[in-house]
Amino acid sequence: MISLLFRWIAKTIIHEKYTDKEDMRKIYNVIYGDSYLESGLLYLGIMVLGYFWPRVALVRYIIMPIRSFISDSAEREEMDEVAKMDVQGRHGLLEMSHSDQRQFKRLLLDYTRQARRAGKESAEQKAAWQNFSHQVQQKFGISDATLALWLQ
């Protein structure tokens, strides 16, 4: 029920902010991807399992929120980094395939972690940026200048 409620809330917010159906679908896909279907199938499987082996299903049911909490916190951190992007950057991200979006967000998250660890060491921050921009250019063909505009 909670999962359905969160999905309804996200859908309502997306419909308020976007009018184009294609943009709505892309945003929804960025937020949920395949995880909603995966979670729904796991919950359904646990219900069936509960009919035959209630104790096993109970243990699995307890594990599900813990798993969800861990994956949600990682996704929330990724979305925070994406929210810092300018409009062109977010639009460029939406144009990518789901797997490319996932890879880009991971690279962005790795970069921000490295930059935070570097602190005020400008040489380390510059090395982290160069590594990030090089990987993004190789994997997605996004130039360093475009990437810098996206992440101003």
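Bear in mind the structure is a predicted one, so any value in this text is a computation, not a measurement.

Quick look at the environment of S133 now. Among the structural elements, S133 can be located in helix α7 (residues 122-140). For the pair S133 and D144, spaced eleven residues apart in sequence, the C-alpha separation works out to 5.8 Å. Excluding residues within four positions of it along the chain, S133 makes contact with D144 and L147.

Looking at where D100 falls in the secondary structure, it is placed in helix α6 (residues 98-118). Each C-alpha atom, one on D100 and one on F140, is 7.8 Å from the other, the two residues being 40 residues apart in sequence.

Bringing the packing of α6 against α7 into the picture now. Across the interface, α6 lies against α7 with an axial gap of 8 Å and an inter-helix angle of 170°. Judged by the angle between their axes, α6 and α7 are roughly antiparallel. Of the residues in α7, those in contact with D100, Q103, F104, L107, L108, Y111, Q114, A115 and A118 of α6 are E124, Q125, A128, W129, N131, F132, Q135, V136, K139 and F140. Along the lines of polarity and charge, the residues of the contact of α6 with α7 split into eleven nonpolar, five polar and three charged.

Working note: α-helix, 3.6 residues per turn, so residues spaced by three or four point in the same direction. Between its first and last C-alpha atoms α6 spans 30 Å; for 21 residues at 1.5 Å apiece the expected length is 30 Å, and the two agree. Within the sequence span of α6, burial applies to Q101, F104, K105, L107, L108, L109, Y111, T112, A115 and A118. Just downstream of α6, G119 is the residue with a positive phi angle, here 65°.

What describes a pair of aromatic rings is the distance from one ring centre to the other and the angle between the planes of the rings. Inspection of every chain in the model, using the stated rule, returns eight aromatic pairs. Taken together, a centroid distance of 5.4 Å and an interplanar angle of 75° make the contact between Y111 and W129 edge-to-face. Within this pair, whereas Y111 is found in helix α6, its partner W129 is found in helix α7, the two being separated by 18 residues in sequence. Considering the side-chain rings of Y111 and F132, the 5.0 Å spacing of their centres and the 15° angle between planes classify their relative orientation as stacked. Taken together, the positions of Y111 in helix α6 and F132 in helix α7 put the pair 21 residues apart, joining distant regions of the chain. For the pair Y111 and F132, one class covers both residues: buried.

The rules behind the values
- Residues numbered from 1 in each chain as written.
- Predicted model: local features only at pLDDT ≥ 70, side-chain atom pairs only at ≥ 80, totals over all residues.
- Heavy atoms only, no water.
- Helix = DSSP H or I, 4+ residues; strand = E, 2+ residues; numbered from the N terminus.
- Contact = heavy atoms within 4.5 Å.
- Axes fitted to C-alpha atoms, helices over the stretch in contact; angles between N-to-C directions.
- Parallel < 35°, antiparallel > 145°, perpendicular 65-115°, else oblique.
- Nonpolar A, V, L, I, M, F, W, Y, C, P; charged D, E, K, R; others polar.
- Expected span 1.5 Å × (residues − 1).
- Buried < 20%, exposed > 50% of the residue type's maximum accessible area, 1.4 Å probe, protein only.
- Phe/Tyr/Trp six-rings, centres within 6.5 Å; stacked < 30°, edge-to-face > 60°.

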